[in-house]
Amino acid sequence: MAGCIFCKIINGEIESDIVFENDKIIAFRDLNPQAPIHILIIPRKHISRIEDLKKQDSSLMGDLVFAAKQIAVKMNVKGGYRLVFNNGSNAGQEVEHIHLHLLAGRKFTWPAG
Ligand code: AMP
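The structure displayed is predicted, hence computed values, not measured ones.

> Break down the site of the ligand for me, citing the residues and quoting the values.
Neighbouring the ligand are 16 residues; D30, G92, E94, H99 and H101 lie closest to it. Within the backbone of G92, an N or O atom sits 2.8 Å from an oxygen atom of the ligand. For the ligand, an oxygen atom lies 3.0 Å from a polar atom in the backbone of V95. Against a free-state accessible area of 510 Å², the protein chains account for coverage of 87% of the ligand. Counting atoms within 2 Å of the grid points, the majority share of the ligand lands in the largest pocket. Elements supplying a minimum of two residues to the shell around the ligand: α1 (5-10) and β2 (25-29). If you tally residues by element for the shell around the ligand, the top one is α1, at three residues.

Thresholds, definitions, all that
- Residues numbered from 1 in each chain as written.
- Predicted model: local features only at pLDDT ≥ 70, side-chain atom pairs only at ≥ 80, totals over all residues.
- Heavy atoms only, no water.
- Near = heavy atom within 4 Å.
- Polar contact = N/O pair within 3.5 Å; in protein donor to acceptor, adjacent residues only side chain to side chain.
- Areas by Shrake-Rupley, 256 points an atom, 1.4 Å probe, with all protein chains shown as cover.
- 1 Å grid on protein atoms, 1.4 Å probe; cavity = no way out; pocket = protein on both sides within 12 Å on 5 of 7 lines; lining within 4 Å.
- Sits in = over half its atoms within 2 Å of the grid points.
- Helix = DSSP H or I, 4+ residues; strand = E, 2+ residues; numbered from the N terminus.

Here is the structure:
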């Protein structure tokens with residue numbers, strides 16, 4: 001989608017440090033990491049928010065989680081990791097293209113801030 005920063009990363013218009021990709025998904029390091037490992041996992045298809053998902057997107061969302069598992073294995077993550085969707089303004093969503101944060105390499109507290 002025009003003007004979407006993550007679509008520009010998918011199209012190669014903006015550089016990123018890609019750690020995983022397949023025909024449906026791309027994953028790259030967050031520019032402003034909140035943990036020693038901070039990866040953003042996104043669908044190639046532009047979907048702005050969770051509420052825009054269609055029934056046929058449900059397997060794609062599962063693919064995002066499965067990619068997270070594959071990346072954690074590839075990066076030899078030990079001790080667990082946190083997966084986060086910030087959805088909407090109250091949750092702090094800044095980029096309107098669905099993305100799954102994979103955070104690892106430190107201990108996380110709960111509840112999240
Ligand atoms: P959120 O607040 O959940 O929408 O997260 C958006 C994330 O995208 C933030 O953690 C930003 O640091 C990250 N981000 C924004 N632009 C880029 C970029 N060009 N490359 C990598 N990460 C980015």
